[in-house]
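# Results of the structural survey
Given next are the chains, with one letter for each unit.
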Amino acid sequence: MPRYVAFLRAINVGGRVVKMQGLQELFEQLGFREVETFIASGNVIFKSPAKTAASLEVKLERLLQRELGYEVKTFVRSDAELAEIAGQVPFGRASDSGDSTLYIGFLKTAPTSETCDRLLAAQTAVDAFRIVGRELYWLCRGRSSDSTFAGPKLEKTLRMPTTLRNSNTVLRISAKYPARV
């Protein structure tokens, strides 16, 4: 049975608190197996016989809306996709600097070339962006408080929903749940 990772937006931010045990139980209601959460920021690992991430996203968004009472955009990747994402080095050695942070934004679909151009035009001395498939890589040089970007501004620039994770979180999930061959 394939393993997936769901990255949920709006979990345990803005005063909306969701216990991880409760989140796990919601996933189990849909018949998913081996459900685990990874840190309390909306990362859920599970197994499902579903063949497409898109169908899982729709199911999960409907369930979370109904049970939590608010919209939770959901971005699902297979363990193989996550391994590929974690292996990307979009900025070369620049992202290894101790005073830079690499964030990964998960998108529903690959952005259009117009969207990519708009994002690249918004780069600054602090913020650099790369798009690879359905992922946005954001290199923040210096402190995040030096950046003019955050999730809402990125979504406005992209004109599509996204959820961000520190690349360290993505690397840790990928290492703990390696892709099966």
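Since we're looking at a predicted model, the values are computed, not measured.

## Structural notes on helix 6 (residues 167-176)
The complete set of buried residues in helix 6 reads Ser167, Thr169, Val170, Ile173 and Ser174. Each buried residue of helix 6 lies within a common arc of 160° when the element is viewed along its axis, so the set occupies one face. Looking at the buried positions of helix 6, the neighbouring elements they touch are strand 1 (3-8), strand 3 (43-47), helix 3 (79-87), strand 5 (100-107) and strand 8 (162-166). You can read the cap of helix 6 off the contacts: a side-chain oxygen lies 2.8 Å from the backbone nitrogen of Asn168, and it is on Asn166.

## Observations concerning the side chain of Asp127
Assignment of secondary structure puts Asp127 in strand 6 (residues 127-132). Buried and unpaired, Asp127 has no salt bridge, with Lys153 as the nearest side chain of opposite charge at 7.1 Å. A polar contact is formed between the side chain of Asp127 and the side chain of Trp138, at a distance of 2.9 Å. Among residues more than four places away in sequence, those in contact with Asp127 are Trp138, Leu139, Cys140, Arg141, Ser147, Thr148 and Phe149.

## Here's the deal with the sheet that holds strand 5
Across the sheet, four strands lie side by side as 6-7-5-8; this open sheet has antiparallel pairing. Looking at strand neighbours, the two that pair on one side only are strand 6 and strand 8, the edges of this open sheet. When strand polarity is set aside, the average angle formed by the axes of neighbouring strands in this sheet is 25°. Across six bridges, strand 6 lies against strand 7 (residues 135-141) in antiparallel orientation. By the bridge assignment for strand 7, Phe129 is matched with Trp138.

## Quick word on unusual backbone geometry
The backbone phi angle of Glu34 is positive, close to 50°, even though this residue is not glycine. Of note, Glu34 is situated in strand 2 (residues 33-37). On the basis of relative accessibility, which here comes to 52%, the residue Glu34 falls in the exposed class. Residues other than glycine seldom take positive phi values, yet Ile39 does so here, at roughly 50°. By the element assignment, Ile39 lies in the loop between strand 2 and strand 3.

## Examining the packing of aromatic side chains
Centre-to-centre distance and the angle between the planes together describe a pair of aromatic rings. Applying the stated criterion across every chain, the model contains eight aromatic pairs. Between Phe27 and Phe32, the aromatic rings sit 6.0 Å apart at their centres with planes inclined by 55°, giving tilted as the arrangement. Taken together, Tyr4, Phe27, Phe32 and Phe46 form an aromatic cluster joined through their ring pairs. Looking at Lys153, its charged tip hangs above the ring of Phe149, at a distance of 4.6 Å from the centre.

What counts as what
Residues numbered from 1 in each chain as written. Predicted model: local features only at pLDDT ≥ 70, side-chain atom pairs only at ≥ 80, totals over all residues. Heavy atoms only, no water. Buried < 20%, exposed > 50% of the residue type's maximum accessible area, 1.4 Å probe, protein only. Helix = DSSP H or I, 4+ residues; strand = E, 2+ residues; numbered from the N terminus. Arc of directions from axis to C-beta. Contact = heavy atoms within 4.5 Å. Polar contact = N/O pair within 3.5 Å; in protein donor to acceptor, adjacent residues only side chain to side chain. Lys, Arg positive; Asp, Glu negative; His and termini not counted. Salt bridge = Lys/Arg side-chain N within 4 Å of Asp/Glu carboxyl O. Pairing = 2+ DSSP bridges. Axes fitted to C-alpha atoms, helices over the stretch in contact; angles between N-to-C directions. Phe/Tyr/Trp six-rings, centres within 6.5 Å; stacked < 30°, edge-to-face > 60°. Lys NZ or Arg CZ within 6 Å of the ring centre and 35° of its normal.

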